[in-house]
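A closer look at the structure
Okay, here's what each chain looks like letter by letter:
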Amino acid sequence: MKKLIALCLALILLLAVAGCAASTGSNESTNTGTGTDTNTNTGSDSGAASEPDTGTGLRAPVSGDKYKFGIVLMVENGAFLDMKQGIIDGLAANGLVDGENCTVNYQCAQGDATNLNTICQSMANGSYDIVFTVATPPTQAFVNLESSTPNIFCSVAAPVAAGVLSDMNAPDHNATGTSNAVPAGSILEMGLAMTPGIETFGLLYCTSEVNAVNAMENARAYLDANGLKYEEVTVANSGEVQQAAESLMGKVDALFVANDSVVQSAVTLVSDLCRENGIPSYCCSATTVQSGLLATLAMSDISIGLQTAEMAMEYLRGTDIAAIPCQVVPADIVSVNSDAVAALGITVPDTIAGSYGEIQYLTDVQ
Amino acid sequence: MSSVVVFGAIQQGFLYAILAFGIFISFRILNVPDLTTEGSFTFGLAVSAAVTAAGHPILGILAAIVAGALAGAVTGFLQTKLMIHPVLAGIITMSGLYSVNLAVLGSSNLALTSNMQTVFKLASGLGLSNEAARTGLSVLLCCLTLAIVIWFFRTHVGMCIRATGDNPDMVRASSINVHRMTTLGLCLSNALVAFSGGAVAQYQKFADISSGTGTLVVGLASVIIGEAIIGKRSVTVGFFSALLGAMIYRFIYTAAINYSPFPAYMLKLVSAIIVAIALAIPAFRHYAGQAKIRRGGGKNA
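Residues numbered from 1 in each chain as written. Chains lettered and ligands numbered in written order. Predicted model: local features only at pLDDT ≥ 70, side-chain atom pairs only at ≥ 80, totals over all residues.

**A few points about the overall build of chain B**
Counting its regular elements, chain B contains 13 helices and 2 strands. Taking 301 residues into account, the globule formula puts the C-alpha radius of gyration at 19 Å, and chain B, at 21 Å, falls close to it. The dimensions of chain B, computed from C-alpha atoms along their principal axes, are 75 × 55 × 40 Å. Split into buried and exposed, the 301 residues of chain B put 53% on the buried side. Put simply, 76% of the contacts in chain B that link residues at least 6 apart link residues at least 24 apart. (Helix = DSSP H or I, 4+ residues; strand = E, 2+ residues; numbered from the N terminus. Rg over C-alpha atoms; globule rule 2.2 N^0.38 Å. Buried ≥ 20, exposed ≤ 12 C-beta atoms within 10 Å, placed from the backbone. Contact = placed C-beta atoms within 7 Å.)

**Comments concerning the sheet that holds strand 11 (residues 327-328) of chain A**
Residue and element names in this part refer to chain A. An order of 2-1-3-4-5-11 is seen for the 6 strands of this open sheet, with the pairing classed as parallel. Every other strand in the sheet has two partners, leaving strand 2 (102-108) and strand 11 as the edge strands with one partner each. Inspection of the sheet shows strand 5 (residues 175-179) paired to strand 11 by 2 bridges, in the parallel sense. Bridging across to strand 11, S179 finds its partner in V328. Against the sheet, helix 4 (residues 136-143) makes contact with strand 1 (67-73), strand 3 (130-134), strand 4 (151-154) and strand 5, and its axis sits at roughly 145 degrees relative to strand 3, the strand it touches most. (Pairing = 2+ DSSP bridges. Axes fitted to C-alpha atoms, helices over the stretch in contact; angles between N-to-C directions.)

**Things to note about the sheet that holds strand 10 (residues 295-298) of chain A**
Residue and element names in this part refer to chain A. One open sheet accounts for 7 strands, arranged 7-6-8-9-10-12-13; its pairing is mixed. Looking at the sheet topology across the chains shown, the edges are occupied by strand 7 (229-235) and strand 13 (358-362). Sheet twist, expressed as the mean angle between neighbouring strand axes with direction ignored, is 20 degrees. Direction of pairing for strand 9 (residues 281-283) relative to strand 10: parallel, over a ladder of 2 bridges. Bridging from a neighbouring strand, C283 pairs with T296 of strand 10. Here helix 5 (residues 184-194) sits on the sheet in contact with strand 6 (200-206), strand 8 (254-257), strand 9, strand 10 and strand 12 (333-337), set at roughly 140 degrees to strand 10.

**Here we look at the interface of chain B and chain A**
Of the residues lining the interface, 39 residues belong to chain B; the matching set on chain A comes to 34 residues. Looking at the side of chain B that touches chain A, the elements that each hand over two or more residues are helix 1 (3-29), strand 1 (109-111), strand 2 (206-208), helix 10 (215-230), helix 11 (235-259) and helix 12 (267-279) of chain B. A total of 7 residues in the side of chain B that touches chain A trace back to one element, the largest contributor, which is helix 11 of chain B. Split by residue class, the side of chain B that touches chain A holds 20 nonpolar, 16 polar and 3 charged. (Nonpolar A, V, L, I, M, F, W, Y, C, P; charged D, E, K, R; others polar.)

**A look at the packing of helix 1 of chain B against helix 10 of chain B**
Residues and elements named next belong to chain B. Close contact between helix 1 and helix 10 brings their axes to 8 Å; oriented N to C, the two are set at 75 degrees. In terms of axis orientation, helix 1 runs roughly perpendicular to helix 10. Taking contact as the criterion, the partners of Y16, A17, L19, A20, G22, I23, F24, F27 and R28 in helix 1 are, on helix 10, T215, V218, G219, L220, S222 and V223. Per-class residue counts for the contact of helix 1 with helix 10 are 10 nonpolar, 4 polar and 1 charged. (Parallel < 35°, antiparallel > 145°, perpendicular 65-115°, else oblique.)

**Structural notes on the environment of V51 of chain B**
Residue and element names in this part refer to chain B. As for its placement among the helices and strands, V51 is situated in helix 2 (residues 37-53). Sequence spacing of V51 and A280 is 229 residues, and the spatial spacing of their C-alpha atoms is 43 Å. Not counting the four nearest positions on each side in its chain, V51 is found in contact with H56, L59, G60 and A63.

**Points about the pairing of strand 5 of chain A**
All names here are of chain A. Taken across its 5 residues, strand 5 has 5 buried, putting it largely inside the fold. Bridge count between strand 4 and strand 5: 3 bridges; the pairing is parallel. Looking across to strand 5, one finds that F153 is bridged to G177.

**Thoughts on the domain arrangement of chain A**
One can read the domain layout of chain A as domain 1 (63-180 + 300-330) and domain 2 (184-298 + 332-362). Between domain 1 of chain A and domain 2 of chain A, the C-alpha centre-to-centre distance is 31 Å. (Domains from an automatic or database assignment.)

**Comments concerning unusual backbone geometry**
Of note, the phi angle at Q110 of chain A is positive, near 50 degrees, even though the residue is not glycine. Relative to the helices and strands, Q110 of chain A resides in the loop between strand 2 and helix 3 (113-123). One non-glycine residue, K205 of chain B, adopts positive backbone phi at about 60 degrees. One can find K205 of chain B in the loop between helix 9 (178-204) and strand 2.

**Thoughts on the packing of helix 1 of chain B against helix 11 of chain B**
Residue and element names in this part refer to chain B. Two elements in contact, helix 1 and helix 11, have axes separated by 7 Å at closest approach and are oriented at 135 degrees. Relative to helix 11, the element helix 1 lies oblique. For the pair helix 1 and helix 11, the sense of crossing is right-handed. Every residue of helix 11 that contacts helix 1 at V5, A9, Q12, G13, Y16, A17, A20, F21, F24, R28 and I29 is listed here: V235, G238, F239, A242, L243, G245, A246, M247, R250, F251, T254 and N258. (Left-handed = near helix turned anticlockwise from the far one by under 90°.)

**Some points on helix 4 (residues 86-105) of chain B**
All names here are of chain B. Here helix 4 spans 28 Å end to end across 20 residues, near enough to the 28 Å set by a 1.5 Å rise per residue. The largest bend in helix 4 amounts to roughly 30 degrees and is located at Y98. Every buried residue of helix 4 is accounted for by P86, A89, G90, I92, T93, M94, L97, N101, V104 and L105. Close packing links the buried residues of helix 4 with helix 2, helix 3 (57-80), strand 1 and strand 2. (Expected span 1.5 Å × (residues − 1). Bend = angle between axes of the 7 residues up to and from the residue.)

**As for helix 1 of chain B**
Residues and elements named next belong to chain B. The terminal C-alpha atoms of helix 1, which comprises 27 residues, lie 37 Å apart, in line with the 39 Å expected from a rise of 1.5 Å per residue. The principal kink in helix 1, of about 25 degrees, is found at I23. A large share of helix 1 lies buried, amounting to 22 of its 27 residues. Among the residues trailing helix 1, N31 stands out with phi positive, at a value near 65 degrees.

Encoded structure:
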């Protein structure tokens, strides 16, 4: 009985502490808000004040006099953190600087899926102006709360299939954002243009990497449609990558690797093998190019974040979420590893930039 | 805390409590470390989502329970008949289930779009608000499960499973099939884990191949926090303490997410420290008791 009472007391205490924290939190934000508001208004954004002086007047913040944004990640990895940075940079480029005239609350489930709903619920309390979610699971978790807080998502590969909107042009769940798909076909096509004469592609991937499996499916579809041959070899862990890559040498004219964290962790071995054997290698991300493979066609993760922030600005300028179509971000940057170019003794044709987009040259990262 | 956060924590606390019951059965009653959990949780999630997407939410929950029992049966078979170490048997089933789950989901992610029925929507169709339906159904599912498991572990078969965990040699001497009891226990444990997954899938309205990560830790922590507070007693009290532990664990995380003054990357450390403090309650109680004895001793000397 005593324990039961103690327990109840403990729970009440917990709730009380929580309640206090909540109220102090909101006080704090209003206080600092009034303090800094006047100094930080830069004219291009009129912040809380609803003075439409330059015609670019923004919505009033939902609570306090500063905007409050949330960013939700499932796990910290290079790509997601770049997207998050892109969003913050994009807001700053529009005059909304975290800690000055807006608050950005960043939360990450740290790979623990059970935390995702808790994080999203904590941001659906009505005090946020916009909640940004990076990649599919956080977006679904937030959208399914049916919150009145608008959601702008970043890099959801298939928003309609994910159920976050029914029509790319008419968002209907108070959520819109950017979508990106790995353009496997375009990468292979660019490969054929960059290093002509390829008859057989080698496909190297890990079977448990869903993104890689999907990209390879698209790659096979492209190769089949264009009458090209391919040799596939799969791995289950990064220890098998070297042997798998060796088995392809001599059999293929070029290699294709997807966004595959298992292959990525051993990709420098693959890169060395390809250079020794004079085989051009194509991949799906600039990170893999920096690890030594020849080239990719992609959108940089920072740019996706920037574009996501632009959509948020569109909302803040007064457009309803339902009137902001979901954007598919095109892959428009060709990343080429100049060390690989030198090792293979090839020249990048001038037509590449015209047909596929700006070329950025990278070198091996040691 | 805003109401959506408090209700959210309560709802999830009850849903994950069902997972904690499953862990309690394998970890405490059967006395077997079962690592199938993350696989069977996702299996339940995937099966429930797939069947719900086909238009049968209630069947989805039932199918998830059956799926989990099957996963438990596989682990049990590996452990008993093939004499594979329990930890390895669980790992084997868990990793095998990854491919099975991908096959069930059809891709890495399956969404239950807003025009699809879920059990929670069916409940709100009874005239409840969304929040009330979610809370009510979570509590109902959890309490129903609690009643059934408490009843089951008082039946003859339930007693045999408990005895198997306590002393397999004794049970064997009583002509009870130890292998069958262990397998049955694992079936029940994983059925509950998958039940929890199946309910969570319909609660969050999507199933992702990564949705099971972290569930083993959640379940174990819930069981142990509950024991730290209530103490190890009978099986019935054990289930109640698992429920309490699951609620406390969820509130700890909710508090860490909402009120931590630290940056986001500190989340796991902050919650680890709070969990450690919760687990240290018996130790504090022990020291307090000793101090009392010492004081009392001084008075009487």
